[in-house]
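# A structural walkthrough
Each chain, written out:
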Amino acid sequence: MDNVLNLSRKLSTASVKHYSNPYAEFDWPDDVTDQEWLFSPELSSLAGTSVYDNLDEKQLKKLGFWELINFFSLNIHGEKALLQGLSKRLYSDWPAEISEYLHHFVDEENKHMTLFGTFCNRYAHKIYPSKNYQVSSKLSQGEEEFLFFAKVVIFEELVDHFNLHMSRDGRLHPLSQAINRYHHHDESRHLAFGRKLTKHIFDTYSPQWNDQTLADIRRYLCEYIVATWKEYYNPWVYKDAGISDSYDVYQMAWEHEAQRAHRKKVSGKCLEFLVNNGILEKEPQ
């Protein structure tokens, strides 16, 4: 626990140092057209497929616009659940150092939702809905806390890969780059905290869990990874981008070998953390 407390102090100091006002941080143009690059094309959920290869640059930019709206929408839904969970844990049984950092965590995630929601509502006039993935209410001691923070790590590891890539992509509209860069800087602290606390909770409680409980936890986390990835493949995105047979395209893209390889690459850092710490016995297929 000392390692978690020391890290929490350092992260709280860093959050104070980098405190920002998102309302003053960004220039919001009246319009962002779908004729600019807003989403890195190699990150597209259709990249490597014949559908993608048959689109011209104008169509690819339009697809990228809607994929960015989907990406920001799934961030909104993920962070909404995260805020609910973090608020529930403020001033519970945690030491003061952790509660202090949780305040910064909540503040920063709320700012992220503001940014993503502003972009989606201003330029697309909508936010894509999300599929909820709930855990069973029958949990062993420590299981609820562990699953909450493990899901935080999984979700934010995947998101951060996209954020970091797009923050460095000079082809993108400056606003897209700036929002992704802003999110990445905060998420790097959140991930450091989440990894450390998740490992601590697992090391503390997993010796008390029987084989069935451990198997259920591991199966649930694997299912959660799949469910999170499926949010990136959205038939409504393809329909809004003008692609016909959008549901068939969704099914094709999910099964396509190029996209399987993409998911494996992006998931690598997250899965390495889970396997190296004994949380998963092996990488899920």
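Refer to the structure above for everything that follows.
First, a word on scope: everything that follows refers to the structure included in this document. Keep in mind that what you see is a predicted model, and the values were worked out from it rather than measured. (Residues numbered from 1 in each chain as written. Predicted model: local features only at pLDDT ≥ 70, side-chain atom pairs only at ≥ 80, totals over all residues. Heavy atoms only, no water.)

Below, the discussion takes up helix H1 (residues 2-17). With 16 residues, H1 should cover 22 Å at 1.5 Å per step; its first-to-last C-alpha distance of 23 Å lies within 8% of that length. All of the buried residues along H1 are Val-4, Leu-5, Leu-7, Ser-8, Leu-11, Ser-12 and Ser-15. Looking down the long axis of H1, one finds its buried residues gathered within 160° of arc, a one-sided arrangement. With respect to the buried face of H1, the exposed residues turned more than 90 degrees away are Asp-2, Asn-3, Lys-10, Thr-13 and Lys-17. Buried residues in H1 make contact with helix H5 (96-123) and helix H7 (174-205). (Helix = DSSP H or I, 4+ residues; strand = E, 2+ residues; numbered from the N terminus. Expected span 1.5 Å × (residues − 1). Buried < 20%, exposed > 50% of the residue type's maximum accessible area, 1.4 Å probe, protein only. Arc of directions from axis to C-beta. Contact = heavy atoms within 4.5 Å.)

Considering all chains together, one arrives at 24 aromatic pairs under this definition. Taken together, Phe-26, Trp-28, Phe-39, Phe-71, Phe-72, Phe-116, Phe-119, Tyr-123, Phe-162, Tyr-182, Trp-229 and Tyr-232 form an aromatic cluster joined through their ring pairs. Stacked on the ring of Phe-148, the Lys or Arg Arg-89 has its end atom at 4.1 Å from the ring centre. (Phe/Tyr/Trp six-rings, centres within 6.5 Å; stacked < 30°, edge-to-face > 60°. Lys NZ or Arg CZ within 6 Å of the ring centre and 35° of its normal.)

When glycine is set aside, most residues are seen to have a negative phi, and most peptide bonds are trans. Its identity as a non-glycine residue notwithstanding, His-125 has a phi of 60°, on the positive side. Along the chain, His-125 falls in the loop between H5 and helix H6 (143-167). Even without glycine at this site, Asp-245 takes up a positive phi of about 50°. Locating Asp-245 in the fold gives a position in the loop between helix H9 (235-240) and helix H10 (246-255). Asp-245 sits in the exposed class, given a relative accessible area of 56%.

Our focus in this paragraph is the pattern of salt bridges. Across all of its chains, the model carries 16 salt bridges by this definition. For Arg-171, the salt bridge is made with Glu-42, and the minimal N-O distance between the two is 2.9 Å. A residue pair is termed long-range when its members are at least 10 positions apart, and Arg-171 in the loop between H6 and H7 and Glu-42 in the loop between helix H2 (22-25) and helix H3 (50-53) qualify at 129 residues. One salt bridge in this structure joins Lys-61 and Glu-57, with 3.1 Å as the shortest N-O distance. With Lys-61 and Glu-57 both in helix H4 (residues 57-89) and four residues apart, the pair spans about one turn of that helix. The class for Glu-57 is partly exposed, based on a relative accessible area of 47%. Each of Lys-88, Arg-89, Glu-144 and Glu-145 takes part in a single network of salt bridges with overlapping partners. (Salt bridge = Lys/Arg side-chain N within 4 Å of Asp/Glu carboxyl O.)

If you walk through the whole model with that rule in mind, you get two cavities of 30 Å³ or more. Estimated volume of the largest cavity: approximately 80 Å³. Elements supplying a minimum of two residues to the lining of the largest cavity: H4 and helix H11 (257-276). In terms of residue count, the dominant contributor to the lining of the largest cavity is H4 (four residues). Estimates place the volume of the second largest cavity at around 40 Å³. In this structure, the second largest cavity is lined by Trp-37, Phe-39, Ser-40, Pro-41, Ser-44, Tyr-52, Leu-60, Leu-63, Gly-64 and Glu-67. Here the lining of the second largest cavity gets four residues from one element, more than from any other, and that element is H4. Residues that form the lining of the second largest cavity fall into these classes: six nonpolar, three polar and one charged. (1 Å grid on protein atoms, 1.4 Å probe; cavity = no way out; pocket = protein on both sides within 12 Å on 5 of 7 lines; lining within 4 Å. Points joined across faces, edges and corners; volume = space filled by probe spheres on them. Nonpolar A, V, L, I, M, F, W, Y, C, P; charged D, E, K, R; others polar.)

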